[in-house]
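Examination of the molecular architecture
Read off the chains here:
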Amino acid sequence: FYYACKAFDVLERLDPDPEFWEGKRGAAIGVFQRAVAGKLGGEVDKLQEVVNILRSTSNPKVDQMINRVIKPWAKENKVRLDV
């Protein structure tokens, strides 16, 4: 999911097709889902990078995704994220 998120980010920058945003969003949620399931292990930095990738997007749904879903989970589970 991590590499897919990065790839869709590049594609979206080259061509702002809404399908690339959907792909990036889905891949980002995949990374987050792995974090929730505890499968990222020591790779929480990937979750931070995905948050940074999402922040670089101009889509208005990004704030909702980060502030209502990822940030509260990270705080509750003592995962340090700079958001």
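Figured I'd write up the structure that's included with this text. Predicted model, so just to flag it, every value in this text is computed and none were measured.

Within the element layout of this structure, Trp21 appears in helix 2 (residues 18–36). Sequence separation between Trp21 and Asp9 is 12 residues; the distance between their C-alpha atoms is 7.6 Å. Ignoring anything within four residues of it in the chain, the contact list for Trp21 reads Glu12, Leu54, Thr57, Asn59, Lys61 and Val62.

For Lys78, which is not glycine, the phi dihedral falls at a positive 55 degrees. Judged by its relative accessible area of 77%, Lys78 falls in the exposed class.

A separate point is the nonpolar core. If you look at the biggest cluster of nonpolar residues, it comprises 21 residues, and the most contacted ones within it are Leu47, Val50, Leu54, Trp73 and Leu81. Elements with a minimum of two residues in this core: helix 1 (2–14), helix 2, helix 3 (44–55) and helix 4 (61–76).

This part is about the packing of aromatic side chains. Tallied over the full model, the rule gives two aromatic pairs. An angle of 70 degrees between the planes, with centres 5.0 Å apart, marks the rings of Tyr2 and Tyr3 as edge-to-face. Look at Tyr3 and you get exposed, because its relative accessible area is 61%. Residues Phe32 and Trp73 carry aromatic rings whose centres are separated by 5.5 Å and whose planes lie at 85 degrees to one another, so their mutual orientation is edge-to-face. With Phe32 in helix 2 and Trp73 in helix 4, this residue pair connects regions lying 41 residues apart in the sequence.

For the rest of this paragraph, the subject is the packing of helix 1 against helix 3. The interhelical angle for the contact between helix 1 and helix 3, taken along N-to-C directions, is 20 degrees, at an axis separation of 11 Å. Here helix 3 runs roughly parallel to helix 1, going by the angle between their axes. You can see that helix 1 and helix 3 cross each other, and the crossing is left-handed. For the pair helix 1 and helix 3, contact is made by Tyr2, Cys5, Lys6 and Asp9 and by Lys46, Glu49, Val50 and Ile53, respectively. Of the residues belonging to the contact of helix 1 with helix 3, the class tally is four nonpolar, no polar and four charged.

Conventions and cut-offs
- Residues numbered from 1 in each chain as written.
- Predicted model: local features only at pLDDT ≥ 70, side-chain atom pairs only at ≥ 80, totals over all residues.
- Heavy atoms only, no water.
- Helix = DSSP H or I, 4+ residues; strand = E, 2+ residues; numbered from the N terminus.
- Contact = heavy atoms within 4.5 Å.
- Buried < 20%, exposed > 50% of the residue type's maximum accessible area, 1.4 Å probe, protein only.
- Core = buried A, V, L, I, M, F, W, Y, C linked by side-chain atoms within 4.5 Å.
- Phe/Tyr/Trp six-rings, centres within 6.5 Å; stacked < 30°, edge-to-face > 60°.
- Axes fitted to C-alpha atoms, helices over the stretch in contact; angles between N-to-C directions.
- Parallel < 35°, antiparallel > 145°, perpendicular 65-115°, else oblique.
- Left-handed = near helix turned anticlockwise from the far one by under 90°.
- Nonpolar A, V, L, I, M, F, W, Y, C, P; charged D, E, K, R; others polar.

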